[in-house]
Amino acid sequence: MRCWRRAALEFPDGLAVLIGPNGAGKTSVLEAITLACVGVSPRTASGGDLVRAGAEALWVGLDIGYGGQLERREIGYAPGRPRRLRRAGQTVRSLGEWRLPGALLVFLPDELRSVKGPPAARRRSLDRLLEAAEDGYAAALGGYQEALAQRNALLRRVRAGETASTGLAPWEARLSELGARVAASRRRATALLSPIFARRLDELGGGEGAAVAVEASIPEFATVADDRLESTLARALHARRERDIAAAQTTVGPHRDDLWVGRGQRDLRRLGSQGEQRLAALALLLAGRDMLSTTAPAPVMLMDDVLSELDPPRRAALLRALATGGQALLTTADPLAAAEAEHCGATRIPVQAAA
Amino acid sequence: MLTPSIERLVTELARLPGIGPRSAQRLAFHLMRDAERAPALAAALAAVSERVSLCPECFAFAEDGRCPICSDPRRDATLLCAVEEPSAILPIEATNEFRGRYHVLGGALSPIDGIDPEDLRIAELLGRVEGDGVAELVIATNPTMSGEATALYLADLVRGRVRVTRLASGLPVGADVEHADELTLARALLGRREL
């Protein structure tokens, strides 16, 4: 795939650094691993971009496992044909059954969006973590989004005078039930995540007193008990009906929540410098690994070109953090950064795709 | 190499659910091979389209007026079971647990697909609930997003007039608790019964 005709790589248990010049295919290695775990690339939505120029198809095989038990995962793709997924030699038809959402945490340079991006980007990074951490979260969120699409469609039809607004009630009941589950999970997860995030950011040299918290679109959500979330959401949806019909969309609910990322009173999302935001995004990712590691094997960290953006003390702090706690793969084009990583115990893996 | 008539047959077969162009061809050639197959199938299709209509009471399939269930005096007229499609009646009948009558809604609410309450046979259902001496409405719509919303909508409409019940969601018989998906298990817990 990408620039690779054929390659086989083996990664050590702890930290490894992929070193090679620009355009050597380092990021493509991380991309291939992601593809073999979740079936989509973090860089592009179009599978066609992944196939090497001049090739007809791509194939990635990944042996992944814990405690010596390896499992072979395979993905094959050719433009215009259905994706082929295999696990342990057996064809798997559904992507949902095949993907391993909790196996990886990926940091690409645009992962900064989890701090400075729009609310949707922050929600998405929290949701990805929750999908891996909690059975049933993905189903609740998917159901919520389905009910939301139905209510929005109905709001449009009511505004156009095609049907009566009495039909809104059952969709609001479904939205409230599923939305309450999503909101409760997000609240529980951020409460767990916040102190770990604070510790990780401090370790990386980002200072003390950091926190994350859900900023709900319904103010009462901050104080109401879990078993009252459903009725609170139902009331809010009912109260907004007139406005929602006029706007032809649902203006309250977990799909409008944001994640506060800050230190003390300082809102790092809007006021943080590029450097502060980068450290916060890294600390969030490390905190996510810590959180997932309490209930499951530690996810593998894939970090693309992150060292060159940090000053020497923070770079050393990140390498120290990655040297323990599980498997991590870094890419860099900078020989000095690679040497520093090796000094922290990283295995050096030179990368150069044949031209 | 296909004659126009075979071509037409293949096209019609391929319109059936779950049948692609290749299967349609295979079926067509199979029908051609046996001289009695095609006329028998043609006669069956003709009979279905001529004789089968919808029961004016419950909107299930019927021949010569009312369907066999609606015209059976032994069925309990105080029990009414609302389903999305006629195909749901067969499995419920197979349980031998239900002795009431049915009402086919003709689908489930789905604003995205433009299916509003007016598009389902809800007015007819209300008419039956009010007129026929019905004591309980059993809502047997599918446990999908649309089916659940339809169930909630119906329940709101008839609440206070008759008893409203919903088919339970729960563990499949003979399966392990540990393999149940979380959503089903949560429903099963909510709907647990006294022993």
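As the structure is a prediction and not an experimental result, all values here were calculated from the model. (Residues numbered from 1 in each chain as written. Chains lettered and ligands numbered in written order. Predicted model: local features only at pLDDT ≥ 70, side-chain atom pairs only at ≥ 80, totals over all residues. Heavy atoms only, no water.)

## Thoughts on the interface of chain B and chain A
Part 1 of the argument: At the interface, 18 residues of chain B touch 21 residues of chain A.
Part 2 of the argument: Surface buried jointly by chain B and chain A totals about 1,600 Å² across both partners, of which 62% is contributed by carbon and sulfur atoms.
Part 3 of the argument: Per-residue buried area on chain B facing chain A is highest for B:Pro111, B:Met145 and B:Glu182; these three make up 38% of the total on that side.
Part 4 of the argument: The interface formed by chain B and chain A holds 1 salt bridge in total.
Part 5 of the argument: A salt bridge links A:Arg157 to B:Asp116; the shortest N-O distance between them is 2.4 Å.
Part 6 of the argument: Put simply, chain B and chain A have 4 residue pairs in polar contact (both at pLDDT 80 or more) between them.
Part 7 of the argument: Looking at the side of chain B that touches chain A, the elements that each hand over two or more residues are helix 6 (145–158) and helix 7 (182–190) of chain B.
Part 8 of the argument: Looking at the side of chain B that touches chain A, its residues break down into 9 nonpolar, 3 polar and 6 charged. (Contact = heavy atoms within 4.5 Å. Buried area = accessible area lost by both parts, 1.4 Å probe. Salt bridge = Lys/Arg side-chain N within 4 Å of Asp/Glu carboxyl O. Polar contact = N/O pair within 3.5 Å; in protein donor to acceptor, adjacent residues only side chain to side chain. Helix = DSSP H or I, 4+ residues; strand = E, 2+ residues; numbered from the N terminus. Nonpolar A, V, L, I, M, F, W, Y, C, P; charged D, E, K, R; others polar.)

## Regarding unusual backbone geometry
Part 1 of the argument: Unlike most non-glycine residues, A:Asp305 shows phi in positive territory, near 50°.
Part 2 of the argument: By the element assignment, A:Asp305 lies in the loop between strand 10 (300–303) and helix 11 (312–323).
Part 3 of the argument: On the basis of relative accessible area, A:Asp305 is assigned to the partly exposed category, the value being 32%.
Part 4 of the argument: Even without being a glycine, B:Phe59 presents a positive backbone phi close to 70°.
Part 5 of the argument: Inspection of the secondary structure puts B:Phe59 in the loop between strand 1 (52–54) and strand 2 (61–63). (Buried < 20%, exposed > 50% of the residue type's maximum accessible area, 1.4 Å probe, protein only.)

## Brief notes about the pattern of salt bridges
All names here are of chain A.
Part 1 of the argument: For the structure shown, the criterion picks out 37 salt bridges over all chains.
Part 2 of the argument: Among the salt bridges present, the one from Asp-244 reaches Arg-151, with a minimum N-O distance of 2.8 Å. With Asp-244 in helix 8 (residues 241–247) and Arg-151 in helix 5 (residues 137–159), this residue pair connects regions lying 93 residues apart in the sequence.
Part 3 of the argument: Owing to a relative accessible area of 0%, Asp-244 belongs among the buried residues under this scheme.
Part 4 of the argument: Assessed through its relative accessible area of 0%, Arg-151 is described here as buried.

## Overview of the packing of helix 6 (residues 168–203) of chain A against helix 10 (residues 274–293) of chain A
Residue and element names in this part refer to chain A.
Part 1 of the argument: Between helix 6 and helix 10, whose axes approach to 8 Å, the crossing angle comes to 125°. If you check the angle between helix 6 and helix 10, you find them oblique. For the crossing formed where helix 6 meets helix 10, the hand is right-handed. Contacts from Ala-189, Leu-192, Leu-193, Ile-196, Phe-197, Arg-199, Arg-200 and Leu-201 of helix 6 reach helix 10 at Leu-279, Ala-280, Ala-283, Leu-284, Leu-286, Ala-287, Gly-288, Arg-289, Asp-290 and Met-291.
Part 2 of the argument: The residue makeup of the contact of helix 6 with helix 10, split by class, is 13 nonpolar, 1 polar and 4 charged. (Axes fitted to C-alpha atoms, helices over the stretch in contact; angles between N-to-C directions. Parallel < 35°, antiparallel > 145°, perpendicular 65-115°, else oblique. Left-handed = near helix turned anticlockwise from the far one by under 90°.)

## Looking at the state of the cysteines
Residue and element names in this part refer to chain B.
Part 1 of the argument: Taken as a whole, this structure holds 0 disulfides over all chains when the rule is applied.
Part 2 of the argument: Left unpaired, Cys-70 is separated from the closest cysteine sulfur, that of Cys-67, by 3.7 Å.
Part 3 of the argument: Among the residues examined, Cys-70 registers a relative accessible area of 1% and is labelled buried. (Disulfide = S-S within 2.5 Å.)

## Some thoughts on the environment of B:Leu90
Part 1 of the argument: By the secondary structure assignment, B:Leu90 is in helix 4 (residues 89–94).
Part 2 of the argument: On the basis of relative accessible area, B:Leu90 is assigned to the exposed category, the value being 67%.

## Describing the side chain of A:Arg186
Residue and element names in this part refer to chain A.
Part 1 of the argument: Residue position: Arg-186 is located in helix 6.
Part 2 of the argument: Residue class for Arg-186 comes out buried when judged on its relative accessible area of 4%.
Part 3 of the argument: Separated by 3.2 Å, the side chains of Arg-186 and Tyr-137 make a polar contact.
Part 4 of the argument: Ignoring any residue separated from it by four or fewer positions in sequence, one finds Arg-186 in contact with Arg-123, Leu-126, Asp-127, Leu-130, Tyr-137, Leu-141, Val-214, Pro-254 and Asp-257.

## Examining the packing of helix 4 (residues 119–133) of chain A against helix 5 of chain A
Residues and elements named next belong to chain A.
Part 1 of the argument: Orientation of helix 4 relative to helix 5, taken along the N-to-C sense of each, is 135°, at an axis distance of 7 Å. Between helix 4 and helix 5, the interaxial angle falls into the category oblique. On helix 5, the residues touching Asp-127, Leu-130 and Glu-131 of helix 4 are Tyr-137, Ala-138 and Leu-141.
Part 2 of the argument: Counted by class, the contact of helix 4 with helix 5 contains 4 nonpolar, no polar and 2 charged residues.

From the geometry alone we can't say anything about function, so treat these as descriptive.
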